[in-house]
Each structure stands twice: as structure tokens, then as C-alpha cells.
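Chain and residue survey
The residues making up each chain are set out below.
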Amino acid sequence: MADGKKLKLYDFSTQTWQEFASLAGVGRTEWSADSRYVYFDTGLSADPAIYRFRIADHKLEQVTSLKNFRRAMWGNLPWFGLAPNGDPLVLRDVGSQEVYALDFEEP
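Residues numbered from 1 in each chain as written. Predicted model: local features only at pLDDT ≥ 70, side-chain atom pairs only at ≥ 80, totals over all residues. Heavy atoms only, no water.

One pass over the structure, following the stated rule, counts four aromatic pairs. Ring plane angle 85° and centroid distance 4.9 Å describe the contact between Y10 and F12, whose orientation is recorded as edge-to-face. The interplanar angle of 55° and the centroid separation of 6.1 Å between the aromatic rings of Y37 and Y39 together place this pair among those described as tilted. Each residue in the set Y10, F12 and W17 is aromatic and connected to the rest through ring pairs, giving one cluster. Of note, R52 hangs over the ring of Y37, and the distance from its end group to the ring centre comes to 4.1 Å. (Phe/Tyr/Trp six-rings, centres within 6.5 Å; stacked < 30°, edge-to-face > 60°. Lys NZ or Arg CZ within 6 Å of the ring centre and 35° of its normal.)

A separate point is the pattern of salt bridges. Two side chains of opposite charge can pair, provided their charged atoms sit close to one another. Summed over the entire model, instances satisfying the criterion amount to three salt bridges. The salt bridge involving E61 is made with R52; its shortest N-O contact spans 2.8 Å. Between R54 and D57 there is a salt bridge; the shortest N-O distance is 2.9 Å. (Salt bridge = Lys/Arg side-chain N within 4 Å of Asp/Glu carboxyl O.)

What follows deals with the nonpolar core. Core analysis: the biggest nonpolar cluster contains eight residues, these being L7, L9, V26, V38, F40, A49, Y51 and F53. When residues of this core are traced back to their parent elements, those giving at least two are β4 (37-41) and β5 (49-54). Of the residues forming this core, the biggest block, three residues, is contributed by β5. By size, the runner-up hydrophobic cluster in this structure holds six residues, among which are Y37, Y39, I50 and L66. (Core = buried A, V, L, I, M, F, W, Y, C linked by side-chain atoms within 4.5 Å. Buried < 20%, exposed > 50% of the residue type's maximum accessible area, 1.4 Å probe, protein only. Helix = DSSP H or I, 4+ residues; strand = E, 2+ residues; numbered from the N terminus.)

Right, here's the structure in full:
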């Protein structure tokens, strides 16, 4: 769970909240497909980045910096998600003047 400032996880065995990452604002959160990590971004901070937090040992690591990357907003936060292989996905704001088309053919 993210309250916008800290990453908190609920421990069902102790029935308590545990507070972990306290960076310059925790944005959207995503669980990895194997549930070993919680990914989150700090999209509204001065130094935006995507981080991942390993549940087993509470290790926090930066996945990528988003500095100077103009992101599109989804609601009141920049959108962030994960691809099935765990790669981060973000929406880039390229302005309303550019239109792109993508043709995808499945192999």
C-alpha cells in the first residue's frame, strides 16, 4: 500500500502494518508477477525514478531514473505499470500535435 509518502505493507502473520521506503513520495505501486517484489515510482518528486522493493530481505533498488522524461498523467499521478516479464512501462507525453500509428502482426 502506498499512502503517497511511504511504502507500507500489511503483515498478515502479525496483523500489523510495516513501513519501508520513505522517499520523496511513493506514487503508483505494482506487484511483480511472482510476488517477490513491489515496484513503485516517485513520479512527483524532484528526482523521479522507478524502484523495486524485494519482500524477502527488504532490499530497495532503483530500476531506472525518469529524470527529464516527460510523462503523461493518469488521474492525478503519472501512470506506471509492469510488462509480463517485469520491465517497467510508463506513458510518455509527446504533446497533442504528434500522432503515431502502430501495426502489430502476431508471429
